[in-house]
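Fold and contact review
The lines below spell out each chain.
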Amino acid sequence: MLHRLLQSLDSIDPFPQAQAHCDIPCKIYDPSTALIAALSVVRLMDIMKEKSAGGDMTSLATQNTMVRCVMRKEEEAEKVKHEVRIIWGDYFKAPQFEAFPTASDVVHKIMLLGSACKQGTSRADGEALVEAVNSFAEMFWATKGIETTKKTCPYPPSLEVVYPVL
Amino acid sequence: MRPLLEEGDFILFHRLAATKVPKPGAIVIVHHEHLGTIVKLLGEETPSGRFKLAGLSVVSTEAAHLGQVKRQDIVGQAMVRISRHSVLPLWAG
């Protein structure tokens, strides 16, 4: 009851927040999970397109594949959003925002593109999602003074991906 | 040990007067240099006048990583935890 009342007040005028347990394992942040999830979104869009073009849409097997692809696309797009939010929310602090003032804009763009990829099947949205996560990954590694390179990933959907040079 | 506080809990805290020295064992709200605003268990005061911090959960950040904090970084003492299902005192007296 009291919690619900405070939640309502918090939604109107947010209280200051405090973290009780910092993420463990501490200091382990890596945008590669988000990148792989973004690539998976594009790959799933491609599989859906192939199936819808060549397969019998009324067959149970094709319908099963389509439903699985939609489910996985939803999950992978959500994973992109979640992983990026964690890095942005927990790792990025004043020095990182000073060095990259556009970081929040890029993160917001990823949120919007992630949602667009859930809602639709446009490959252009998927490619834009990969590209936005690439920009975020470049920023992330730059805050650590680590160089990056852009290479085509050695598996479908064969898009260019930012990798750290370690 | 389970975390004492869960995501989404509200905490009622008592802002500490600048002259007041909190006691070890208190749950305190701290403005941490690297970790932002955090809630932790207060440890002993060191000879240099700084305070150690600890977590209450196995998933808490290690005490060594939390480091030691200055008295002025300790904002207040947590008094009550208001969770979705219960209201619990955090202040042991």
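Everything that follows concerns the structure shown earlier in this document.
Because the structure is a prediction, the values reported are computed rather than measured.

1. Quick word on the overall build of chain B
Counting its regular elements, chain B contains one helix and seven strands. Across chain B, helices and strands are ordered from the amino to the carboxyl terminus as β-β-β-β-α-β-β-β. Going through the 93 residues of chain B one by one, you find that 40% of them count as buried. Contacts spanning at least 24 positions in sequence make up 50% of the contacts within chain B whose residues lie at least 6 apart.

2. Some thoughts on the overall build of chain A
Per the secondary structure count, chain A includes six helices and two strands. For chain A, the N- to C-terminal ordering of α and β elements is α-α-α-α-α-α-β-β. C-alpha extents for chain A along the principal axes are approximately 55 × 50 × 25 Å. By the burial criterion, 33% of the 166 residues in chain A qualify as buried. A separation threshold of at least 6 residues defines the contact pool for chain A, and within that pool the share at least 24 residues apart is 63%.

3. Quick word on the pairing of strand E3 (residues 36–45) of chain B
All names here are of chain B. In this structure, strand E2 (residues 27–32) lies alongside E3, joined through six bridges in antiparallel fashion. Along E3, the bridge assignment pairs Val 30 with Ile 38. From the end of E2 to the start of E3, which pair antiparallel, there are three residues. Alignment of E3 against strand E4 (residues 51–54), held across three bridges, turns out to be antiparallel.

4. Overview of the side chain of His 3 of chain A
Looking at where His 3 of chain A falls in the secondary structure, it is placed in helix H1 (residues 2–12). Dropping the residues within four chain positions of it, His 3 of chain A is found in contact with Gly 8, Asp 9, Phe 10, Ile 82, Ser 83 and Arg 84 of chain B.

5. Concerning the environment of Leu 2 of chain A
Checked against the element boundaries, Leu 2 of chain A lands in helix H1. Along the sequence, Leu 2 of chain A and Thr 143 of chain A sit 141 residues apart, while their C-alpha atoms lie 42 Å from each other.

6. Examining the packing of aromatic side chains
Residues and elements named next belong to chain A. This structure, assessed with the given rule, holds seven aromatic pairs over all chains. Centre to centre, the rings of Phe 92 and Phe 136 are 5.7 Å apart; their planes meet at 25 degrees, and the pair counts as stacked. Separated by 44 residues along the polypeptide, Phe 92 in the loop between helix H3 (60–91) and helix H4 (94–99) and Phe 136 in helix H6 (residues 123–143) bring together distant segments of the chain. Its relative accessible area of 3% is what places Phe 92 among the buried residues. What links up through ring pairs into an aromatic cluster is the set Tyr 29, Tyr 91, Phe 92, Phe 97, Phe 136, Phe 140 and Trp 141.

7. Some thoughts on the pairing of E2 of chain B
Residue and element names in this part refer to chain B. Judged by how many residues are buried, E2 sits mostly within the fold: five of six residues are covered. Bridging between E2 and strand E6 (residues 74–82) involves three bridges; their strand directions are antiparallel. Among the inter-strand pairings, Val 28 is bridged to a residue of E6, identified as Gln 77.

What counts, and where the lines are drawn
- Residues numbered from 1 in each chain as written.
- Chains lettered and ligands numbered in written order.
- Predicted model: local features only at pLDDT ≥ 70, side-chain atom pairs only at ≥ 80, totals over all residues.
- Heavy atoms only, no water.
- Helix = DSSP H or I, 4+ residues; strand = E, 2+ residues; numbered from the N terminus.
- Buried < 20%, exposed > 50% of the residue type's maximum accessible area, 1.4 Å probe, protein only.
- Contact = heavy atoms within 4.5 Å.
- Pairing = 2+ DSSP bridges.
- Phe/Tyr/Trp six-rings, centres within 6.5 Å; stacked < 30°, edge-to-face > 60°.

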